[in-house]
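An overview of the molecular structure
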Amino acid sequence: MKILIIKNKRIGDVLVASIVANNIKKIYPDSHITFLCYDYAAPVLLHNPNIDRIWQINDQELKQGLNLFKLAKELRAEKFDLIIDLYIKLQSQIISVLSSSKKRIGFDKRVIPFAYTHKIPILKNRISDYGKAIDDRLNVLRFLNSNVPLDPHPKLYISHNEQTTIESLLKDKGFVIGKPSVMIGVLGSDPTKSLPLAYVAELIDYISTHYDVQILLNYIPAQRPLVDKLLALVKDKSQVLPEIMGKNIREYILIMNNVNVLIANEGGAVHIAKALDKPTFTLYSPYVNKEHWATFENDHKNESLHLKELKPELFSDISSKEIKKQTSELYNHFKPEKIIPRLASFLDKNLIS
């Protein structure tokens, strides 16, 4: 049985969607699974034994109409028996409707006619402690077979050679394997998902003062100017190792696998850490719905904080659209002195000393 899973979106979305591939192998053990995703997100699927082929596409190229129809034609030629569209945008709907596959599953949203043969309802709220993002994807699997026990946890797979190489790199940069360490995701995927740098600096100073740890910063090379601005605000940089950074998603995965805990703005970095079974402390942007993306917080290892929990009055009688417009102003209320008590409790429980 040939199956195509479509999730051409961001890194965290693709990683969460990978649980569908992981569990389908239980439902259809002899199936051949192709996972269609954007090239920049593909590293989270590398070495996954449940995915037989990663079909990578470039998001900018796909926006050109001719390229989209060319891709649809190539996928049609594969003659998939089943298509599972977890993206549900015009691109994936076109791919689905032109595929000629007899069984095409998508979420129950407004779509072009005949895009899917079966539509799965989107949950209004989460129905488990896993989080709504996980619950929605498990519902797709239950539609295929409600009797198979499902594993809700996304997973990352690291080869022995990768682990050996990254350990050597870390040691060369002054990282001590086995000594307690903290990764701090200093920037979100965009400014609307990023705690102000001055506040991040205060969190780093608190950690440096109260814990004997190695502090790493998660950023990409293009963000180094912003990281330098952050470092200029940090009072004690003696425990910070800013030169250790992942040049790409795969390197971040390998580095994170050797770190004890992650403190970060909500995003793909958090989902990666959770998939590596690392304790996470997540800070949510004021406009992001925590209910949708806070996964596995039934586990004491994973905690998070939203400004709404600290100052609910700021969110009364205001639409989600207005919240997003006011994100920058709202972030000013997300002060470190409000975050630190929860952060300290998290570190005391999860940081290996």
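Residues numbered from 1 in each chain as written. Predicted model: local features only at pLDDT ≥ 70, side-chain atom pairs only at ≥ 80, totals over all residues. Heavy atoms only, no water.

**Re the nonpolar core**
Grouped together as the largest cluster of nonpolar side chains are 60 residues, with contacts concentrated most on Ile5, Ile24, Phe35, Val44, Ile84 and Ile272. Top contributing element to this core by residue count: helix α1 (residues 11-27), with ten residues. Among the nonpolar cores identified, the runner-up in size contains 42 residues, and Val186, Ile204, Met245 and Leu351 belong to it. (Core = buried A, V, L, I, M, F, W, Y, C linked by side-chain atoms within 4.5 Å. Buried < 20%, exposed > 50% of the residue type's maximum accessible area, 1.4 Å probe, protein only. Helix = DSSP H or I, 4+ residues; strand = E, 2+ residues; numbered from the N terminus.)

**Considerations on a nonpolar patch on the surface**
A surface patch of nonpolar side chains, about 400 Å² in accessible area, is lined by Phe69, Val97, Leu98 and Phe114. Along the chain, the position of Phe114 falls in the loop between β5 (103-107) and β6 (118-120). The exposure class assigned to Phe114 is exposed, which follows from its relative accessible area of 69%. (Patch = residues over 30% accessible without salt bridge, like charges linked within 9 Å, V, L, I, M, F, W, Y side chains within 5 Å. Areas by Shrake-Rupley, 256 points an atom, 1.4 Å probe, with all protein chains shown as cover. Salt bridge = Lys/Arg side-chain N within 4 Å of Asp/Glu carboxyl O.)

**As for the sheet that holds strand β8 (residues 214-218)**
Strand order in the open sheet formed by five strands is β8-β7-β9-β10-β11, with parallel pairing between adjacent strands. Looking along the sheet, the strands with just one partner apiece sit at the ends: β8 and β11 (302-305). On average, each strand axis in the sheet is inclined to that of its neighbour by 15°, with strand direction left out of account. Where strand β10 (residues 280-283) lies against β11, four bridges are found, and the strand directions are parallel. Within β11, the residue paired with Phe281 across the bridge is Glu303. Of the strands in this sheet, β7 (181-185), β8, β9 (261-265) and β10 touch helix α7 (residues 197-210), which is tilted by about 160° from β8. (Pairing = 2+ DSSP bridges. Axes fitted to C-alpha atoms, helices over the stretch in contact; angles between N-to-C directions. Contact = heavy atoms within 4.5 Å.)

**Here's the deal with the packing of helix α6 (residues 160-172) against helix α9 (residues 249-256)**
The N-to-C vectors of α6 and α9 enclose an angle of 80°; their axes lie 10 Å apart at closest approach. In terms of orientation, α6 lies roughly perpendicular with respect to α9. For the pair α6 and α9, the contacting residues are Glu162, Ile166 and Leu170 in the first and Arg250, Glu251, Leu254 and Ile255 in the second. Across the contact of α6 with α9, the residue classes break down as four nonpolar, no polar and three charged. (Parallel < 35°, antiparallel > 145°, perpendicular 65-115°, else oblique. Nonpolar A, V, L, I, M, F, W, Y, C, P; charged D, E, K, R; others polar.)

**Some points on the sheet that holds strand β2 (residues 32-38)**
Pairing in this open sheet of six strands is parallel, and the strands run β3-β2-β1-β4-β5-β6 from one edge to the other. Looking at strand neighbours, the two that pair on one side only are β3 (53-57) and β6, the edges of this open sheet. When the angles between neighbouring strand axes are averaged without regard to direction, this sheet yields 20°. With five bridges joining them, β2 and β3 adopt parallel strand pairing.

**Quick word on the side chain of Asn302**
Relative to the assigned elements, Asn302 resides in strand β11. Judged by its relative accessible area of 7%, Asn302 falls in the buried class. There is a polar contact of 2.8 Å between the side chain of Asn302 and the side chain of Thr280. In terms of polar contacts, Asn302 uses its side chain to reach the backbone carbonyl oxygen of Phe296, at 3.2 Å. (Polar contact = N/O pair within 3.5 Å; in protein donor to acceptor, adjacent residues only side chain to side chain.)

**Digging into the packing of aromatic side chains**
Within the structure shown, the criterion is met by four aromatic pairs. Relative to Tyr211, the ring of Tyr206 lies with its centre 6.4 Å away and its plane at 65°, an arrangement referred to as edge-to-face. For the pair Tyr206 and Tyr211, one class covers both residues: buried. Here the basic side chain of Lys2 rests over the ring of Phe80, its NZ or CZ set 5.4 Å away from the ring centre. Positioned above the aromatic ring of Trp55, the side-chain terminus of Arg53 is 4.1 Å from the ring centre. (Phe/Tyr/Trp six-rings, centres within 6.5 Å; stacked < 30°, edge-to-face > 60°. Lys NZ or Arg CZ within 6 Å of the ring centre and 35° of its normal.)

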